[in-house]
Amino acid sequence: EISDPYVNEGLIDKESFEGEWPFTVEKGVLRCDSAGQDKAVSFNTADGLIYALNDAAETYSSKNSLGWQPINTASIKSTDSNIDDVIKSGLTFCIE
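Keep in mind that what you see is a predicted model, and the values were worked out from it rather than measured.

1. Points about the overall build of the protein
Link 1 in the chain: Scanning the protein for helices and strands turns up two helices and five strands.
Link 2 in the chain: Ordered by position from N to C terminus, the α and β elements of the protein give β-β-β-β-α-β-α.
Link 3 in the chain: Scaling as 2.2 N^0.38, a compact globule of 96 residues should have a C-alpha radius of gyration of about 12 Å, and the protein matches this with 12 Å.
Link 4 in the chain: The buried share of the protein, taken over its 96 residues, is 41%.
Link 5 in the chain: Considering only intrachain contacts with a sequence separation of at least 6, the fraction spanning at least 24 residues in the protein is 47%.
Link 6 in the chain: About 5,900 Å² of surface is accessible on the protein, with carbon and sulfur atoms providing 46% of the total.
Link 7 in the chain: Charge-centre separation for the protein: the mean point of 7 positive side chains lies 1 Å from the mean point of 17 negative side chains.

2. Side note on the sheet that holds strand β3 (residues 38–44)
Link 1 in the chain: Taken together, the five strands give an open sheet; going across it, the order is β1-β2-β3-β4-β5, and neighbouring strands pair in mixed fashion. Of all the strands in the sheet, just β1 (9–13) and β5 (69–70) have a single pairing partner and so form its edges.
Link 2 in the chain: Alignment of strand β2 (residues 27–35) against β3, held across seven bridges, turns out to be antiparallel. The residue bridging R31 from the neighbouring strand is S42, located in β3.
Link 3 in the chain: Sheet contacts for helix α1 (residues 55–63): β2, β3, β4 (50–52) and β5; angle to β3, the most-contacted strand, approximately 85 degrees.
Link 4 in the chain: Running over the sheet, helix α2 (residues 84–91) touches β1, β2 and β3 and is turned about 60 degrees from β2.

Cut-offs and rules
- Residues numbered from 1 in each chain as written.
- Predicted model: local features only at pLDDT ≥ 70, side-chain atom pairs only at ≥ 80, totals over all residues.
- Heavy atoms only, no water.
- Helix = DSSP H or I, 4+ residues; strand = E, 2+ residues; numbered from the N terminus.
- Rg over C-alpha atoms; globule rule 2.2 N^0.38 Å.
- Buried < 20%, exposed > 50% of the residue type's maximum accessible area, 1.4 Å probe, protein only.
- Contact = heavy atoms within 4.5 Å.
- Areas by Shrake-Rupley, 256 points an atom, 1.4 Å probe, with all protein chains shown as cover.
- Lys, Arg positive; Asp, Glu negative; His and termini not counted.
- Charge placed at Lys NZ, Arg CZ, Asp CG, Glu CD.
- Pairing = 2+ DSSP bridges.
- Axes fitted to C-alpha atoms, helices over the stretch in contact; angles between N-to-C directions.

Here it is as structure tokens:
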């Protein structure tokens, strides 16, 4: 089940984001999809790639053949950066 794309996602950028910015790109779309009890948080870049930011997102992508990239192996993530702030922000987009 895909949530309404206008309600469960939002544009975030390095300049205005409150918290640690872990990406090598300046902006992207942060999204949250409810997958049963789990909340799948993803980040979509301008080049069209989507990154799974948490375990729930990796599972959601795999089950639905979405092809999201795992963030821990992605070149988009800055070395030794923490994505917890972005995940916390992404969870606010989830619809119950």
